[in-house]
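# Coordinates in review
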Amino acid sequence: MPKKIVLLAPDQAWPSTVSSASTKRLLSLPHPRTHKPATFLLTDEQHRDGPRGNSTNHAAEAMDAWSMHELQAHRDGPRGNSTSHAAEAMDAWSMYELQAVRPLAGGSRSWFLTPKGASEEHTGTTSQTDAASGQEDEGSVVSDGALHIFTPIDPLFVLLPIYSALNYANVDSPAAYLTLEDLLQRASSKLYAEHARGLSAQQAANRTKNENLEKYEEEGEWEDVQSVASSKAVKERLEESCEVMNVSSTLQTYRPSASRVLSLLRSKLSKLENQDTFEQASSTLGRQLVKTVEADATGEERAAARRNIALDTICAYLDEDWKQRFKSGLQADGLLSDEAAANSAGG
């Protein structure tokens, strides 16, 4: 993997801080919205004292109440301060998405890293990485001028492309119970083929006259998909969003349940639209609310605006199929107007 500049990351992102007994991997998985490859950090170094949903479990509450990147609500100190709430919140999660903040379109940026000891203001971040890899820090140039940050993400969203692949596979029966290994293996094959078709379509759209097209084989497996359930947190979310049947004392089978997924999303929406959540996330959700409503808006108008913002935040991590299912269910129960559904996250 090319060298990247990471501005914000949990302690578990650095190999020197992860115990040999813990699960820590950088995985390439389908992005929940686009199904294109994205990078995620998976670790079980977490602060969970009980099952998800327990009111005494701060990490679980945060996962349900916040958006995927509502870390601003806990930033009372400067970024990078190890005693700040932000640092504590970062380390309370078990899955992170690597996001990039890139220069403006058309611009070209690079990072120049000075050799170790060349500056008294050297922070030691680079040397920590180099020490873990056994390489001496002689200075270098990073051609990718983006800033990267690890942001917490609910594992539920990473499971959605897997469920979509199984729904569309139509192998045997979409309602069949599968062992965890079979479930992930089938999804891995379907997602690999979907990605290959996407690459072929993109190449055909961008081809020049007389250019030979590279053939992308659709037979294969997306290997990291089969590893995702090695995390306890991911498996917890999988069990919450699937129907589970105990075949024997040592064998469990799973069937993804759309109704359970939608119920979990609705619970997340309910907590995210809460006024307290907006007050905690004043620099993100709160700022959007200020831009959306008038100063003399009624309480009902503010509540509707909070719901629309919360819905947009969640829908930004749903593909078209899950997004339409989610919004249709809200409309059917009178929780979302037709106008709001049409305007949210691209309609």
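To keep things clear, this report deals only with the structure shown in the data block. Remember, it's a predicted structure, so these values are computed and weren't measured experimentally.

## Remarks on the sheet that holds strand β8 (residues 178-179)
- Sheet architecture is open: 3 strands sit in the order β8-β10-β9, paired in antiparallel fashion. Unpaired on one side and paired on the other, β8 and β9 (242-246) mark the two borders of the sheet.
- As judged from the 2 bridges shared by β8 and strand β10 (residues 252-256), these two strands associate in the antiparallel manner. Among the inter-strand pairings, L178 is bridged to a residue of β10, identified as Y254.

## Some points on the side chain of T253
- On the secondary structure map, T253 appears in strand β10.
- By relative accessible area, which is 7% here, T253 ends up buried.
- In contact with T253, other than residues within four places in its own chain, are Y177, L178, T179, E243, V244, M245 and V247.

## Examining the pattern of salt bridges
- Under the counting rule described, the total for this entry stands at 8 salt bridges.
- R237 serves as the salt-bridge partner of D154, at 2.6 Å between the closest nitrogen and oxygen. A residue pair is termed long-range when its members are at least 10 positions apart, and D154 in the loop between β7 (147-152) and α4 (155-169) and R237 in helix α7 (residues 232-241) qualify at 83 residues.
- The class for D154 is buried, based on a relative accessible area of 2%.
- Between R237 and E240 there is a salt bridge, with its nearest N and O atoms 2.7 Å apart. Of this pair, R237 and E240 are both found in helix α7, 3 residues apart, which corresponds to roughly one turn of the helix.
- Note on E240: relative accessible area 26%, which makes it partly exposed.
- Among the ionic contacts, a cluster of salt bridges with common partners joins D154, R237, E240 and K268.

Reading the values: the criteria
- Residues numbered from 1 in each chain as written.
- Predicted model: local features only at pLDDT ≥ 70, side-chain atom pairs only at ≥ 80, totals over all residues.
- Heavy atoms only, no water.
- Pairing = 2+ DSSP bridges.
- Helix = DSSP H or I, 4+ residues; strand = E, 2+ residues; numbered from the N terminus.
- Buried < 20%, exposed > 50% of the residue type's maximum accessible area, 1.4 Å probe, protein only.
- Contact = heavy atoms within 4.5 Å.
- Salt bridge = Lys/Arg side-chain N within 4 Å of Asp/Glu carboxyl O.

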